There are 8 protein chains.
Amino acid sequence: MSMSHRTRKLLNDLRRGKTSVKRALGALRDLPFKDLGFAKVDVHRALRRGFPEVIFGKGKTPDQIIKISRKILSHDGILLVTRTEESVYKKLKRLYPKIKFDKSSGIIHYAKNPPPLKSGRVLVITAGTADMPVAEEARVTLELMGNKVEMLYDVGVAGLHRILHKRHALERASVIIVIAGMEGALASVVSGLVSKPVIAVPTSVGYGASFGGIAPLLTMMNSCSPGVAVVNIDNGFGAAYFASMINR
Amino acid sequence: MSMSHRTRKLLNDLRRGKTSVKRALGALRDLPFKDLGFAKVDVHRALRRGFPEVIFGKGKTPDQIIKISRKILSHDGILLVTRTEESVYKKLKRLYPKIKFDKSSGIIHYAKNPPPLKSGRVLVITAGTADMPVAEEARVTLELMGNKVEMLYDVGVAGLHRILHKRHALERASVIIVIAGMEGALASVVSGLVSKPVIAVPTSVGYGASFGGIAPLLTMMNSCSPGVAVVNIDNGFGAAYFASMINR
Amino acid sequence: MSMSHRTRKLLNDLRRGKTSVKRALGALRDLPFKDLGFAKVDVHRALRRGFPEVIFGKGKTPDQIIKISRKILSHDGILLVTRTEESVYKKLKRLYPKIKFDKSSGIIHYAKNPPPLKSGRVLVITAGTADMPVAEEARVTLELMGNKVEMLYDVGVAGLHRILHKRHALERASVIIVIAGMEGALASVVSGLVSKPVIAVPTSVGYGASFGGIAPLLTMMNSCSPGVAVVNIDNGFGAAYFASMINR
Amino acid sequence: MSMSHRTRKLLNDLRRGKTSVKRALGALRDLPFKDLGFAKVDVHRALRRGFPEVIFGKGKTPDQIIKISRKILSHDGILLVTRTEESVYKKLKRLYPKIKFDKSSGIIHYAKNPPPLKSGRVLVITAGTADMPVAEEARVTLELMGNKVEMLYDVGVAGLHRILHKRHALERASVIIVIAGMEGALASVVSGLVSKPVIAVPTSVGYGASFGGIAPLLTMMNSCSPGVAVVNIDNGFGAAYFASMINR
Amino acid sequence: MSMSHRTRKLLNDLRRGKTSVKRALGALRDLPFKDLGFAKVDVHRALRRGFPEVIFGKGKTPDQIIKISRKILSHDGILLVTRTEESVYKKLKRLYPKIKFDKSSGIIHYAKNPPPLKSGRVLVITAGTADMPVAEEARVTLELMGNKVEMLYDVGVAGLHRILHKRHALERASVIIVIAGMEGALASVVSGLVSKPVIAVPTSVGYGASFGGIAPLLTMMNSCSPGVAVVNIDNGFGAAYFASMINR
Amino acid sequence: MSMSHRTRKLLNDLRRGKTSVKRALGALRDLPFKDLGFAKVDVHRALRRGFPEVIFGKGKTPDQIIKISRKILSHDGILLVTRTEESVYKKLKRLYPKIKFDKSSGIIHYAKNPPPLKSGRVLVITAGTADMPVAEEARVTLELMGNKVEMLYDVGVAGLHRILHKRHALERASVIIVIAGMEGALASVVSGLVSKPVIAVPTSVGYGASFGGIAPLLTMMNSCSPGVAVVNIDNGFGAAYFASMINR
Amino acid sequence: MSMSHRTRKLLNDLRRGKTSVKRALGALRDLPFKDLGFAKVDVHRALRRGFPEVIFGKGKTPDQIIKISRKILSHDGILLVTRTEESVYKKLKRLYPKIKFDKSSGIIHYAKNPPPLKSGRVLVITAGTADMPVAEEARVTLELMGNKVEMLYDVGVAGLHRILHKRHALERASVIIVIAGMEGALASVVSGLVSKPVIAVPTSVGYGASFGGIAPLLTMMNSCSPGVAVVNIDNGFGAAYFASMINR
Amino acid sequence: MSMSHRTRKLLNDLRRGKTSVKRALGALRDLPFKDLGFAKVDVHRALRRGFPEVIFGKGKTPDQIIKISRKILSHDGILLVTRTEESVYKKLKRLYPKIKFDKSSGIIHYAKNPPPLKSGRVLVITAGTADMPVAEEARVTLELMGNKVEMLYDVGVAGLHRILHKRHALERASVIIVIAGMEGALASVVSGLVSKPVIAVPTSVGYGASFGGIAPLLTMMNSCSPGVAVVNIDNGFGAAYFASMINR
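None of these values were measured; they are calculated from a predicted model. (Residues numbered from 1 in each chain as written. Chains lettered and ligands numbered in written order. Predicted model: local features only at pLDDT ≥ 70, side-chain atom pairs only at ≥ 80, totals over all residues. Heavy atoms only, no water.)

1. Comments concerning helix 5 (residues 86-95) of chain E
Residues and elements named next belong to chain E. Which entries qualify depends on this criterion: Exposure classes here rest on a 1.4 Å probe applied to the protein chains alone. A residue is buried below 20% of its type maximum, exposed above 50%, and partly exposed in between. Only runs of H or I of at least four residues qualify as helices and only runs of E of at least two qualify as strands under DSSP, and these elements are numbered from the N terminus. The directions considered for the arc run from the helix axis to the C-beta atoms. By definition in these notes, contact holds between two residues if any of their heavy atoms fall within 4.5 Å.
Of the positions making up helix 5, those classed as buried are Val 88, Tyr 89 and Leu 92. The buried residues of helix 5 occupy an angular sector of 100° when projected down its axis, which confines them to one face. Lining the buried residues of helix 5 we find helix 4 (62-73), strand 4 (78-82), strand 5 (100-102) and strand 6 (107-111).

What follows is the structure in structure tokens.
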């Protein structure tokens, strides 16, 4: 964080008479975000947090998403909008023809320049085919953040041999994201097999007593295998963001 | 059920003048249970359901348990009291010196004659050491009902090799009872390994978001592997009773 | 399970110089499932678990279902897709004209050859007319798995004489599936009447404080009559699968 | 309610000059309850609601209970304290040697004169022996309010013949109170058998997924048999009060 | 209940040789309901419970409702279908031109002959205008069952003077039904004002933390005023049925 | 409240013979609300509570809303309808061309004369852009009630500098309304920064484990910073009403 | 807030060469709290928030409470410890003989000098006698903060006349705190009677379906009367703190 | 993982005639754990997972804990027992005089040799003093696993300046563990300040609507700031284990 550095420089300038007290006070207040009226776009987040602000599309109008997207893209070269609709994508595409959209997850993404690739690899595992949209949200996010990604679909614990068969994939990953609905047992099983941090994503896949994802959330929370941490239901983006942070 | 047979005989007797209408009406009402004032002891249950009535000790006073126990033992040769205290056992022991007590599960049990042994074997698996009291409740019940029982303790999914190592035990069982707290993933894993009916018992072992057994209950309810049916939290007795019913 | 047998043969071959170490290692890894990219089809499950893999349709795209169905049918003669839509059926029907669809339950099913019939009979009971779709899911599954099935609709406990009147059906069943929404009391009542294993299916039928099936689920979980085990809300398939496993 | 009568008299008096405006205003405010500092004792409730105020003991100190009891007994001849401890009873007994205490339910009760007996009969049914304390709370309340009471213990649905055997008791009751924990199915069954209003009391008897009475509460709320209304968990007093109100 | 009477006659006939054992056994089984394949219509319920069977429309297909309706109307002169759609009504109207439909509550009703009127009056109170559909369900049911009904809309506790102003209506009722969503406080308030049995109906009116009716349900369950019993959320029919049972 | 004054005058009139007892009784009953059949419009509420009755639109038919609106507007000059649809607005607009509608919050509002402005200022803060509809509901309500309002959008705790940057806005407010979904932490943070009463509004913005607003509701309820009080999920109107009451 | 003032002075000093850059940076960091190792005592809170830090005793060891208390008292003249035990009080009393303790609420309090009295009056109302400990917590807090307090005990809605009788107390209050367990309806009723801000405190008083205070919490959250805001269950302190903030 | 290596060696031996098929089969089954009858001690876990097995003390008898501890210590030099009692510690201390015990967290720990120290630093932050036992569990675990640990107590969001003041500590950490009860907002705030992975531990500290930790759990799950992952309520050990895995 360069903040104390900037402050120090400011104080030195003031000390040396290069600036006035009034300007110094103003500068302290002039933090790097812009105000669109309805949304504070945090354009310096790329510096502070290593990745530009991400737009959570749900509950925002198309116009709001487009305005924020333009602001971000005028500043950073990376755009990520989660949980949005194809219609928003189509409107944005007219402005930025290269942006992409994944229909299953409702994610809009674009990177002017490919980010530098990290050496570690993130493995994304799903228990079932229906968990794929959440996995796509994770995959797109991971790639935008410069991670090598490997996907392993449909290896739920009902057929344990499927995951046992893929132990080499588990072994070569630096971080593992496990995405599972229904009973969500896969996170514990994977964590018990290898000594890698497991980020567990419960999904709303299931019916009846899965209660929209409460069942796998509790399963993952109560994992008897240490080395599992949990993010919100269906939160593929959050898991990927966290994985990227700890991927070397 | 001999009921229609008994009714037919009764009607035939009536038809033949061997009994009166009044007696016939009375006989239809004279069902085989006895009234102790506070508890209807169902002494013919051994015939009807294949096992005498079981006393659920929780919420009953020692005096009530002893009275019901005496009634049952005066009629059947098998006694099973679950969820009771050692003090009740000590009082009963004075009357029936041969009865036994398992302290961890709070179960009193006694069989005048060993029941005939079934050919099938019931395997009882626990995920952790702390699940043992529930497993004991299951074991005692199973043995009282004439089942060969095999126990497999502490093979939770955090170390999957432990259960994989014991596949021969899974293979030779007719029915499997899986007892697990925390995240309860073991039931799905076991059910995915072998084609045997799995009766899953969630336990209250755990803390925080296990919510006294809700977490494993939901896990088991949502098992992605068919062949799993669930009983109440900590209900070792119920699982054993059900297992005995389907054990050949 | 022929696994240890196959391993033994492999080791013998290796010992006798009939195969190389490299091939032996590879063979150990070549487990019998195929990878479609998004779904691991477990085509040897028919051997391992006695029934081919079942497709849970919810959350899968029509294309995914069709691809998996083709894979399964190219290997096994039995197809079962649950919780799917008529449109999927229509597409599949063009490829496999003999497959069938039950609209109320959204189940697609097909058996090239009728399975051999078991001697035992499974009785499926519903508390109300609105529970029928779940019952249909159970019936189709049971028949595909070679069970004699008897259906008993609309015998809820509000009119107890309806179920008492059908005791001969209860008596002649080997296994009983009780399907009930609202308060779900029927499972306990049936289990108290006969000494047969009862698999209870809570349904989401009801309103208000039935909370989408939580009320009957809890009722069935807490059954005061031993001999009841519970599957997930609306899970007719799971109940049928379990029933078939324990039907002689 | 004599209020409009009293008001009319007051206004007439005022009209005729028998009272002043100031006194009239005061009289309108002088409602019939007394202020002990911490508790408003509603001594005219016996007139307004047909029964004096009942003291809910839980959360009150012994001193508070005794003070309120004395106030009530100085005005009415009936005292009912629910959910209290034996120590409170012993202190009160020194003041009122004839008061009685039921240990199982923690109820203190006393009636100077036996209330006039209603012609209708209230039947109190419990599903299990452990429900007896709640039944005692109901019985004492009913008798204090002048109802003929009949008790039927331990007739839960696990052995349906027990309640079927007692249909004459159901038939001769005017109102039925069904007290049941665990799955609480008894209320629906009883309501389906006879055309009598059934007041259902869920109890906290049970364990695991009974969740302290939530399971039977939901069961009773969702009864598929009309004619069932529900009171709070373990609320024997409330059920009795309501039953007495509708008993002819 | 004429059952013991009919049985006695049957046994007498058998005794006197007027019937055979086989016929007697058959007669015992020939209980008065008819089997439509999917629904047991309980046509003698009018005798046994004082009102014909009521059709709960939700989850039933139009065809099923029509079939059951015809069966009921061929036997009884009263039809009541709750929670159904206008389209079902229109189809039924072609067969029975005189049936009526209330759109707000989705209730179809018809009585060939007006039922004899009871002397007591049932007062139906709603807290808000949005509770009216539930109130209509109650009103139609009450009138079909021969009760004098008085309606009092929109007198929630936010403006207490509204209900205080209507005390004469409270006073002249025999039974009171209180229908309230949001916080549901009206039931306690009404019950505290007059000594009449109050049947409380929580409704799903509200938003946020009303959780579809859980908030008023809990409020009513925990009423500090005795004399309140509760039915399911939005269950206007059940409240009316219970009220009619206790209305003199 | 002028009630005791009016009563006193009435009694004086009676005392002086200016009115009869009958008229006095009637006058006492003639409270100031009007009965539309389905809704008691409380037209004197503007006097009693400082603001006319507000119409909660959800669950009311357009006709009902229009009828009540006309009644209110015939008496007061202020109309506020929350949670309604544009179609209702369009119908009302034909009658009252000056009324306004906010689409995002579904609020209809109109004030014949601008209310007198209070000196204090209410600050409305939202954590995210998606919380804006609730903020609009609050803003419109506050302005109708004569409050100076300042809006601060999208200052959630993920970028703490955004709210720290706006401390002068916090400082100059008399009352602060914090509107936040997801984890709802903003209320505690704001309350810790300044010594102003904070009214917290949880919103249903979020997904998964936000459970429709339960997560922020619990967060706000458990605020470790005193000075926070909470209203219902999405209840912008309620927060504004309360804020206006305490704004000087 | 003097922060910008202090900053301005600091910058001026720096500008004028009265301080060094290093010291200026340090001064910016030297915020006014002291570090005891385990607890940051916020000794300047009295300035910033108008009241010194309050110690929430639950979960703290006696030694921790005493250490923090000494720190606070060495700086401020006011001490408030909530939810603690008599033993802590006795230890503290040896150090500060004038501190006081309220046993029912477990509150320790002390004010060196009586705070200046505000002109407004806060009315604290409880629904039942068992709510008194929470009311005491509120009363002590209010008095320590310089509020005139009036208490009104045991005026729950079961006897509505009790609160109606006390309308003059409602009228003369500036702010009202309503404390109620069980169904918690009192808050809505009070809010409907007068135009005063009502701070509602749900309490854990009750049993069964009150679920430790969830029932009254939901009731208060869903109040149909605007002007109600809610604090945590049993949080008498929080209600008082908020009330004091808005009391003029 | 050396497994495939060991297998390859085994197969080579077999190929070369150095071992028999029978021995090879046996060797494949001889996995490295030992069976104590009730608990499978996983003594090779130190190799496989980088840390020996940890004993979760709750629900285990002292004898069981001691037996497992001895087994672990006979193989590894590190012992960690969580959630146990002082009495267990005292018994173990007789056998291993150097083991240590932290009373606040109930943790027993011992390391024969200090583990090699990692370069990264883990920062453990608590919101309040009452969260200290959970923090101690984390600290002990972290140190046993060779992490540099920095503790920051009592910096909850009620006084935001406390955490802002400590930004240098945030900056120099590699991983941050945030431990917070009540509303749990601290995790989001910390995550928003620095770009470090935050592992959030909800605690059961609080009362009322914190529901034993559900409130902070949901808060943390729904964090609007990416970079937060959550472990079970009060699970200081799990957070530390995960943190150690990702600490470089």
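2. As for the pairing of strand 4 (residues 78-82) of chain C
Residue and element names in this part refer to chain C. To be explicit about the condition: In this description, strands pair whenever DSSP reports at least two bridges between them.
Summarising burial for strand 4: 5 of the 5 residues are buried, a large majority. Of the two faces of strand 4, both are covered, the one formed by Ile 78, Leu 80 and Thr 82 as well as the one formed by Leu 79 and Val 81. Where strand 3 (residues 55-56) meets strand 4, 2 bridges bridge the pair, whose relative direction is parallel. Each bridged residue has a counterpart across the sheet, and for Phe 56 the counterpart in strand 4 is Thr 82.

3. Considerations on the sheet that holds strand 3 (residues 55-56) of chain B
Here we have 4 strands laid out as an open sheet, ordered 3-4-6-5 (chain B), and mixed in their pairing. Strands with a single pairing partner mark the edges of an open sheet, and in this sheet they are strand 3 and strand 5 (100-102) of chain B.

4. Looking at the sheet that holds strand 5 (residues 100-102) of chain D
Residues and elements named next belong to chain D. Cut-off, in case you're wondering: Here an axis means a line fitted to C-alpha atoms, over the contact stretch when the element is a helix, while the angle between two N-to-C directions is reported on a 0 to 180 degree scale.
In spatial order, the strands read 3-4-6-5; together these 4 strands make up an open sheet with mixed pairing. A single partner strand is all that each edge strand has here, and the edge strands are strand 3 (55-56) and strand 5. The strands touched by helix 4 (residues 62-73) within the sheet are strand 3, strand 4 (78-82) and strand 6 (107-111), with strand 4 carrying the most contacts at an inclination of about 155°.

5. Some thoughts on the side chain of Glu 150 of chain D
Tracing the chain through its elements places Glu 150 of chain D in strand 8 (residues 148-152). The residues touching Glu 150 of chain D, leaving out its near neighbours within four places in the chain, are Arg 121, Val 122, Leu 123, Val 124, Ala 169 and Arg 172 of chain D.

6. Regarding the interface of chain D and chain E
Where we set the bar: Any carboxyl oxygen of Asp or Glu that lies within 4 Å of a side-chain nitrogen of Lys or Arg is treated as forming a salt bridge with it. Pairs of N or O atoms within 3.5 Å make up the polar contacts considered here, provided that, within protein, one atom can donate a hydrogen while the other can accept it, and that residues adjacent in sequence are counted only when both atoms are side-chain atoms. Following the grouping adopted for this structure description, the nonpolar residues are Ala, Val, Leu, Ile, Met, Phe, Trp, Tyr, Cys and Pro, the charged ones are Asp, Glu, Lys and Arg, and the polar ones are all others, Gly among them.
Across the contact, 33 residues belong to chain D and 33 residues belong to chain E. Across the contact surface, chain D and chain E share 0 salt bridges. At the boundary of chain D and chain E, one finds 3 residue pairs in polar contact (both at pLDDT 80 or more). Broken down by element, the residue count for the side of chain D that touches chain E peaks at 5 residues, all from helix 11 (residues 236-246) of chain D. Partitioned by chemical class, the residues of the side of chain D that touches chain E number 17 nonpolar, 9 polar and 7 charged.

7. Here's the deal with the relation of the copies chain D and chain E
Superposition of the two copies of the chain requires a rotation about an axis together with a shift along that axis. Inclusion rule: Here the copies are superposed with least squares, the fitted atoms being C-alpha atoms of residues at a pLDDT of at least 70 in both.
For the pair chain D and chain E, the best superposition has an RMSD of 0.1 Å and corresponds to a rotation of 180° with a translation of 0.0 Å parallel to the axis. Here the transformation between the copies is reduced to the relation of a two-fold axis. By residue overlap, the copies meet face to face through one surface: 100% of the interface positions of chain D are interface positions in chain E.

8. Re the packing of helix 10 (residues 214-221) of chain A against helix 10 (residues 214-221) of chain B
Worth spelling out the cut-off: When describing relative orientation, an angle under 35 degrees is termed roughly parallel and one over 145 degrees roughly antiparallel, while 65 to 115 degrees is termed roughly perpendicular and anything else oblique. Left-handed describes a crossing whose near helix is turned anticlockwise from the far helix by less than a right angle; the clockwise case is right-handed.
Between helix 10 of chain A and helix 10 of chain B, the least distance of the axes is 8 Å, while the angle of their chain directions is 125°. Put simply, helix 10 of chain A runs oblique to helix 10 of chain B. By crossing handedness, the relation of helix 10 of chain A to helix 10 of chain B is classed as left-handed. Of the residues in helix 10 of chain B, those in contact with Ile 214, Ala 215, Leu 218 and Thr 219 of chain A of helix 10 of chain A are Ile 214, Ala 215, Leu 218 and Thr 219 of chain B. Looking at the contact of helix 10 of chain A with helix 10 of chain B, its residues break down into 6 nonpolar, 2 polar and no charged.

9. A word on the environment of Thr 203 of chain E
Residues and elements named next belong to chain E. Position of Thr 203 relative to the elements: it lies in the loop between strand 10 (198-202) and helix 10 (214-221). With a relative accessible area of 1%, Thr 203 lands in the buried category. Note: C-alpha distance between Thr 203 and Phe 237 (34 residues apart in sequence) is 13 Å. Apart from the residues lying within four places of it in its own chain, the contact partners of Thr 203 are Asp 131, Val 134, Ile 179, Ala 180, Gly 181, Gly 213, Pro 216, Ile 233 and Asp 234. Looking at Thr 203, its side chain comes within polar contact range of the side chain of Asp 131, at 2.8 Å.

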